[in-house]
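One letter stands for each residue in the lines below.
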Amino acid sequence: MTPSETQAIVTLSLLAAFVDGEKHERERAEIKRIAEGLSQTDGLNLPTLYQDVLMKRVSLPSVAAQLQSTEAKQLAYEMAVCVCDADGAQSQAERMFLTDARTSLGLDASATQFSNQAEEIAAAGAVAGASAGAVVAAAPVPAVAAGASPLSPDSAELDKSILNAAILNGALELLPETLSTMAIIPLQMKLVYRIGKAHGYELDSGHVKDFIATVGVGLTSQYLEQAGRKLLGGLLGKVGGGLLRGVGKQAVSSGMSFATTYALGHVAKRYYAGGRTLSTQMLKDAFSGVVQEGQGLQSRYLPAIQEKARTLDAGKVLSLVRGA
C-alpha cells in the first residue's frame, strides 16, 4: 500500500468520524489528540488532515480517487464502517455516508456483508437495554444507604475477570482484521456492565457509555487510535504468516487495549464498590493512574496475550462479543 493510499484511508476514517455532526467536544478533542499522536509517521501530517476534514476541504469522491488497489479500497471502507459503528448502531447520516463511500470506491456486495457484520457486533455490544442515561442515573437494584454498594462481590474473582478481559482485548489487538479491533469496545462495555451488576447496579448501555467517556475514553477515538496504529504500522488488513512476530513487538510498544481494559475494569470496580461517590475528576485521575499500571503489566502478560491470539480468528469475533 502506498503512502498516498494510507493517507486517503485515514482521511476517509476521519470523514466517517464526523459525518453525523453529533460528536461531543471531548470526543473531538480526543480525535485531535490521536491525530497529533500518530503524526510521527513519515510522510503523513495527520493534524492537517484533521483540520481539512473539519473545514470540509476534502470530499468523499476526491479521497476515493486516491485509492487504486482493491485491497486499499476494501480496507478504507472497513475502517469507515467500524468508525461509524464504534459508538453504537449507525445513524441515518452514517448509513448514507457509507452507501456513498461504497459507490465511490466501486465495491461489490461483499462490502455490504461486512457492514452487516459490523452492525451485528455493535448491536451485540449493547448491555441491559439501549436507552441513553447519565452516570448519575444508574440506580441500584435494592435500596441502599448513600455511599454503600448494594452487594459485596468476591474481589479476587472480579480481579481475575478484569485481567482475563484485558488479556482477551490485548489478543484482539494482535489480529489484523478490522472487525477484531472493533470488538474491543463492546467487550469493554460488557466488562463495566458485569462489574456494576456484581455490585448490585443494573446499568443500561447509555450509562456504560457515559461512564467510559467520563473516565476519559472516547469510543470512536479509541477505535481510531487502535486501528490507526495498526494501519500506519502496515499491520491492519494483513492475514496469514507472521501474525505474532512483528505484530507482537508493535503491541508492546504502542498497544493500549490491555492497559485501557485493565484500567476500565479496576476503576469501575472502585466506583461501584464505593457507591458511585467518586467525582468526575477523581474518576479521570484514577483511570490515568491505573492505565500506567496496566502498561507496566503488559509485557509481563504478553505471553498469555500471544497465546490467546493464537486461538482467535475473525470468525470467532462475533461469538466472543455475544457470549461475553
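Rules behind the numbers
- Residues numbered from 1 in each chain as written.
- Predicted model: local features only at pLDDT ≥ 70, side-chain atom pairs only at ≥ 80, totals over all residues.
- Heavy atoms only, no water.
- Helix = DSSP H or I, 4+ residues; strand = E, 2+ residues; numbered from the N terminus.
- Contact = heavy atoms within 4.5 Å.
- Areas by Shrake-Rupley, 256 points an atom, 1.4 Å probe, with all protein chains shown as cover.
- Phe/Tyr/Trp six-rings, centres within 6.5 Å; stacked < 30°, edge-to-face > 60°.
- Buried < 20%, exposed > 50% of the residue type's maximum accessible area, 1.4 Å probe, protein only.
- Axes fitted to C-alpha atoms, helices over the stretch in contact; angles between N-to-C directions.
- Parallel < 35°, antiparallel > 145°, perpendicular 65-115°, else oblique.
- Left-handed = near helix turned anticlockwise from the far one by under 90°.
- Nonpolar A, V, L, I, M, F, W, Y, C, P; charged D, E, K, R; others polar.
- Expected span 1.5 Å × (residues − 1).
- Salt bridge = Lys/Arg side-chain N within 4 Å of Asp/Glu carboxyl O.
- Polar contact = N/O pair within 3.5 Å; in protein donor to acceptor, adjacent residues only side chain to side chain.
- pLDDT = per-residue confidence, 0-100.

## What about the overall build of the protein chain?
Piece 1. Counting its regular elements, the protein chain contains 15 helices and zero strands.
Piece 2. Taking contacts inside the protein chain between residues at least 6 apart in sequence as the whole, the part at least 24 apart equals 84%.
Piece 3. When the accessible surface of the protein chain is totalled, it reaches about 13800 Å², and 53% of it is carbon and sulfur.

## Quick look at the packing of aromatic side chains
Piece 1. Under the definition given, this model contains seven aromatic pairs.
Piece 2. With 5.6 Å between their ring centres and 45 degrees between their planes, Tyr 201 and Tyr 272 make a pair best called tilted. Of this pair, Tyr 201 sits in the loop between α9 (178–198) and α10 (205–215) while Tyr 272 sits in helix α13 (residues 257–273), placing them 71 residues apart in sequence.
Piece 3. You can call Tyr 201 buried: its relative accessible area is 1%.

## Observations concerning the packing of helix α5 (residues 70–85) against helix α11 (residues 219–232)
Piece 1. One can describe the packing of α5 onto α11 by two numbers: an axis separation of 10 Å at closest approach and a directional angle of 160 degrees. When the axes of α5 and α11 are compared, the pair comes out roughly antiparallel. Note on packing geometry: the crossing formed by α5 with α11 is right-handed. Contacts from Leu 75, Met 79, Cys 82 and Val 83 of α5 reach α11 at Thr 220, Tyr 223, Leu 224, Ala 227 and Leu 231.
Piece 2. Counted by class, the contact of α5 with α11 contains eight nonpolar, one polar and no charged residues.

## Some details on helix α7 (residues 109–124)
Piece 1. Here α7 contains 16 residues, and its C-alpha end-to-end distance of 23 Å stays within 8% of the 22 Å for a straight helix at 1.5 Å per residue.
Piece 2. Of the positions making up α7, those classed as buried are Ala 111, Phe 114, Ser 115, Ala 118, Ile 121, Ala 122 and Ala 124.

## Topic: unusual backbone geometry
Piece 1. Despite not being glycine, Lys 56 shows a phi value in the positive range, around 60 degrees.
Piece 2. Here Lys 56 is to be found in the loop between α3 (46–54) and α4 (60–64).
Piece 3. The exposed category is assigned to Lys 56, whose relative accessible area is 72%.
Piece 4. Positioned with a positive phi, Arg 276 is a non-glycine residue whose angle comes to about 60 degrees.
Piece 5. Along the chain, Arg 276 falls in the loop between α13 and α14 (280–310).

## Side note on the pattern of salt bridges
Piece 1. For the coordinates displayed, the defined rule picks out four salt bridges.
Piece 2. Here Asp 52 makes a salt bridge to Arg 57, at a shortest N to O gap of 2.9 Å.
Piece 3. Here Glu 225 makes a salt bridge to Arg 229, at a shortest N to O gap of 3.5 Å. In this pair, Glu 225 and Arg 229 both sit in helix α11, four residues apart, roughly one turn of the helix.
Piece 4. What makes Arg 229 partly exposed here is its relative accessible area of 26%.

## Remarks on helix α6 (residues 92–105)
Piece 1. Here α6 spans 20 Å end to end across 14 residues, near enough to the 20 Å set by a 1.5 Å rise per residue.
Piece 2. Buried residues along α6 sit against α1 (3–18), α4, α5 and α7.
Piece 3. Residue Gly 106 follows α6 closely and has a positive phi angle near 70 degrees.

## Some points on the environment of Asp 154
Piece 1. Mapped onto the secondary structure, Asp 154 falls in the loop between α7 and α8 (155–174).
Piece 2. Judged by its relative accessible area of 46%, Asp 154 is partly exposed.
Piece 3. Placed 45 residues apart in sequence, Asp 154 and His 199 show a C-alpha to C-alpha distance of 9.8 Å.
Piece 4. Here Ala 156 takes part through its backbone nitrogen, which lies 3.0 Å from a polar atom of the side chain of Asp 154.

## Points about the environment of Thr 214
Piece 1. As for its placement among the helices and strands, Thr 214 is situated in helix α10.
Piece 2. Residue Thr 214 is classed as buried on the basis of its relative accessible area, which comes to 9%.
Piece 3. Separated by 188 residues in the primary sequence, Thr 214 and Arg 26 place their C-alpha atoms 9.5 Å from one another.
Piece 4. Engagement of the side chain of Thr 214 in a polar contact is seen with the backbone oxygen of Asp 210, the distance being 2.6 Å.

## Quick look at the packing of α9 against α11
Piece 1. Between α9 and α11, whose axes approach to 10 Å, the crossing angle comes to 145 degrees. For α9 against α11, the interelement crossing comes out right-handed. Between α9, through Thr 178, Thr 181, Met 182, Ile 184, Ile 185 and Gln 188, and α11, the contact on the second element is made entirely by Leu 219, Gln 222, Tyr 223, Gln 226, Ala 227 and Lys 230.
Piece 2. Class assignment of the residues belonging to the contact of α9 with α11 gives a composition of six nonpolar, five polar and one charged.

## Observations concerning the confidence of the model for the protein chain
Piece 1. Averaged over all residues, the pLDDT of the protein chain equals 82, while 83% of them reach at least 70.
Piece 2. Ranking the helices and strands of the protein chain by mean pLDDT puts α13 first, with 96, and helix α12 (residues 246–254) last, with 46.
Piece 3. Confidence drops under pLDDT 50 across residues 128–146; counting only partners more than four residues distant or on other chains, this segment forms 41 contacts.
Piece 4. In the predicted structure, residues 244–254 sits below a pLDDT of 50 and forms 19 contacts with residues beyond four places in sequence or in another chain.

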